[in-house]
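Remarks on the overall topology
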Amino acid sequence: ACFDKIASRHGVFKVETIGDCYVAVCGLPIPNKNHCKAMAKFANECCMNISVVLHDLELELGPGTAELGIRIGLHSGPVTAG
């Protein structure tokens, strides 16, 4: 929910979560000529807010469950679906 709110603020569209991966795009379905900048700001804000997510996780699942990290990869280019 935290990353969804951040995505909404930056015009980023959450495609799905696959396992522990959060898959999102910017510039789809509505084109955005500043998609790179918006996605970079989204990624940066997610990194800055991961401690909140981990704290909530530890409250829900118990001690030691917040010992996780975050890794972000960005790709820019044409999209193919089907």
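To keep things clear, this report deals only with the structure shown in the data block. Quick caveat, the model's predicted, so the values are computed rather than measured. (Residues numbered from 1 in each chain as written. Predicted model: local features only at pLDDT ≥ 70, side-chain atom pairs only at ≥ 80, totals over all residues. Heavy atoms only, no water.)

Let us look at the packing of aromatic side chains. Under the criterion given, the structure shown has two aromatic pairs. Ring centres 5.8 Å apart and planes at 85 degrees place the aromatic pair Phe3 and Tyr22 in the edge-to-face group. Residue Phe3 is found in helix H1 (residues 2-10), and its partner Tyr22 is found in strand S2 (residues 21-26); the two are separated by 19 residues along the sequence. What makes Phe3 buried here is its relative accessible area of 17%. Residue Tyr22 is classed as partly exposed on the basis of its relative accessible area of 25%. Residues Tyr22 and Phe42 carry aromatic rings whose centres are separated by 6.1 Å and whose planes lie at 35 degrees to one another, so their mutual orientation is tilted. (Phe/Tyr/Trp six-rings, centres within 6.5 Å; stacked < 30°, edge-to-face > 60°. Helix = DSSP H or I, 4+ residues; strand = E, 2+ residues; numbered from the N terminus. Buried < 20%, exposed > 50% of the residue type's maximum accessible area, 1.4 Å probe, protein only.)

This brings us to the state of the cysteines. By definition, a disulfide links two cysteine residues through a covalent bond between their sulfur atoms. Scanning the entire structure with this criterion turns up zero disulfides. Cysteine Cys21 is unpaired, with the sulfur of Cys46 as its nearest cysteine sulfur at 13 Å. Residue classification places Cys21 among the partly exposed positions, given a relative accessible area of 42%. (Disulfide = S-S within 2.5 Å.)

This brings us to the pairing of S2. Bridge count for strand S1 (residues 12-18) against S2 is six bridges, and the pairing is antiparallel. Paired with Thr17 across the two strands is Tyr22, which belongs to S2. A loop of two residues connects S1 with S2, the two strands running antiparallel in sequence, and Gly19 in this loop sits at a positive phi of about 65 degrees. (Pairing = 2+ DSSP bridges.)

A few words now on the pattern of salt bridges. Taken as a whole and assessed by the stated rule, the structure comprises two salt bridges. The partner of Asp4 in a salt bridge is Lys14, and the shortest N-O contact between them spans 3.6 Å. Remark: Lys14 occurs in strand S1 and Asp4 occurs in helix H1; sequence separation between them is ten residues. Glu45 is the partner of Arg9 in a salt bridge, and the nearest nitrogen-oxygen pair spans 2.2 Å. Here Glu45 lies in helix H2 (residues 35-61) and Arg9 lies in helix H1, a separation of 36 residues in the sequence. Assessed through its relative accessible area of 54%, Arg9 is described here as exposed. (Salt bridge = Lys/Arg side-chain N within 4 Å of Asp/Glu carboxyl O.)

A grouping of Ile70, Ile72 and Leu74 is seen on the molecular surface, where their side chains present a nonpolar patch of about 250 Å² in accessible area. Within the secondary structure layout, Ile70 lies in the segment after H2. (Patch = residues over 30% accessible without salt bridge, like charges linked within 9 Å, V, L, I, M, F, W, Y side chains within 5 Å. Areas by Shrake-Rupley, 256 points an atom, 1.4 Å probe, with all protein chains shown as cover.)

Attention shifts here to the nonpolar core. Where a protein is soluble and globular, its nonpolar side chains tend to be buried together. By size, the foremost hydrophobic cluster in this structure holds twelve residues: Phe3, Ile6, Ala7, Val12, Cys26, Ala38, Met39, Phe42, Cys46, Ile50, Leu54 and Ala66. Residue assignment for this core shows that the elements contributing at least two residues are H1 and H2. Beyond its immediate stretch of four places on either side in the chain, Ile6 contacts Phe42, Glu45, Cys46 and Asn49. (Core = buried A, V, L, I, M, F, W, Y, C linked by side-chain atoms within 4.5 Å. Contact = heavy atoms within 4.5 Å.)

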